[in-house]
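# Architecture at a glance
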Amino acid sequence: RAGADVAVTARSQPQIEAVAGEIRATGRRAVAVPCDVGERHDVERLVKTVEAELGSPAIVVNSAGVAASAKFVETDDDLWERHLRVNLTGTFYVCRAVVPGMIERRGGRIINIASTSGKVPYLYVAAYCASKHGVLGLTRAMALELARYGITVNAICPGWVQTELTDHTIENIVSKTGMAPEEAVKSLATMSPQNRLMEPEEIATLTLLLASREAYGINGQAINVDGGSVMV
């Protein structure tokens, strides 16, 4: 709706085809490319496909993520490596694939979806916290290095948002504690001073701002969207 052609990617072809269809219905071009961002060759193929179909990416939003909980002493190699591979290495792979083109064109916007857990710790999500802290470090390092080329790199740090990822967290709380689902939702909502979960549209609105020309002076920032639960 803001005037962009969009490449949508995730592991599930039916889901991204549905989103691409919604975008085409607005009159914009869209392409759906399945990709596992934790696989380097997948990412390289993704970017080549996007370049061929839509042109070189001018705006990149890294929003792929996994989140699972476990006590630290019960965090096995697979859980640890999966979080780092998708949340951190996946972001690195995508950025590394698109940045050369942005440098050549002397401009671009990279927006990494991190988390408030990239700023403060939470219980039983050591792997997730570590991966999101890494995303913020990567964001800031890239922002400093790429500013001379007219590229901005920022992160958005959501709190609890009403998404499928949060639905899985609620299911996990229910299964482990015996809480009713509505009680589990309330337990997450009360972590925010606004006593609610955030809406996906709130994240999208900030993403759109950071992608705009008017936000050119915003660089290397990690902006919270959490109702005030984390004020750093």
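Everything here concerns the structure above.
This text gives an overview of the structure that appears in the document.

Procedures and definitions
- Residues numbered from 1 in each chain as written.
- Predicted model: local features only at pLDDT ≥ 70, side-chain atom pairs only at ≥ 80, totals over all residues.
- Heavy atoms only, no water.
- Buried < 20%, exposed > 50% of the residue type's maximum accessible area, 1.4 Å probe, protein only.
- Helix = DSSP H or I, 4+ residues; strand = E, 2+ residues; numbered from the N terminus.
- Pairing = 2+ DSSP bridges.
- Right-handed = clockwise from strand over helix to strand, strands pointing away.
- Phe/Tyr/Trp six-rings, centres within 6.5 Å; stacked < 30°, edge-to-face > 60°.
- Axes fitted to C-alpha atoms, helices over the stretch in contact; angles between N-to-C directions.
- Contact = heavy atoms within 4.5 Å.
- Salt bridge = Lys/Arg side-chain N within 4 Å of Asp/Glu carboxyl O.
- Left-handed = near helix turned anticlockwise from the far one by under 90°.
- Nonpolar A, V, L, I, M, F, W, Y, C, P; charged D, E, K, R; others polar.

With that settled, consider the pairing of strand β2 (residues 30-34). Where a strand is regular, its side chains alternate between the two sheet faces. Counted residue by residue, β2 has four buried out of five residues, so it is predominantly covered. In this structure, strand β1 (residues 6-10) lies alongside β2, joined through five bridges in parallel fashion. Of the residues in β2, the one forming a bridge with Val8 is Ala32. Between the parallel pair β1 and β2, the chain is carried across by helix α1 (residues 13-24), and the sense of this crossover is right-handed.

Turning to the packing of aromatic side chains, a few remarks are in order. Under the definition given, this model contains one aromatic pair. Taken together, a centroid distance of 5.9 Å and an interplanar angle of 45 degrees make the contact between Phe92 and Tyr93 tilted. Overall, Tyr93 belongs to the buried group, its relative accessible area being 18%.

Time to look at the sheet that holds strand β4 (residues 108-113). What the four strands build is an open sheet, ordered β3-β4-β5-β6; its pairing is parallel. The two strands at the open ends of the sheet, each matched to only one other strand, are β3 (59-62) and β6 (222-225). With strand direction ignored, the average angle separating the axes of adjacent strands in the sheet is 20 degrees. Its contacts with the sheet put helix α4 (residues 126-146) on β4, β5 (151-158) and β6, and the angle it makes with β5 is roughly 160 degrees.

On to the pattern of salt bridges, then. The tally for this structure, following the rule as stated, stands at five salt bridges. Between Asp5 and Arg29 there is a salt bridge, and its shortest N-O distance comes to 3.3 Å. Of this pair, Asp5 sits in the segment before β1 while Arg29 sits in the loop between α1 and β2, and the two are 24 residues apart along the sequence. One salt bridge connects Glu202 with Arg196, and the closest N-O pair in it is separated by 2.8 Å. The exposure class of Glu202 is partly exposed, given its relative accessible area of 28%.

Turning our attention to the packing of helix α2 (residues 40-53) against helix α3 (residues 77-105). Pairs of packed helices are described in terms of their axes, by the angle between the two and the distance that separates them. The N-to-C vectors of α2 and α3 enclose an angle of 35 degrees; their axes lie 9 Å apart at closest approach. You can see that α2 and α3 cross each other, and the crossing is right-handed. Across from Arg40, Val43 and Val47 in α2, the residues of α3 making contact are Tyr93, Val94, Arg96, Ala97 and Val98. Each residue belonging to the contact of α2 with α3 can be placed in one class, and the counts come to six nonpolar, no polar and two charged.

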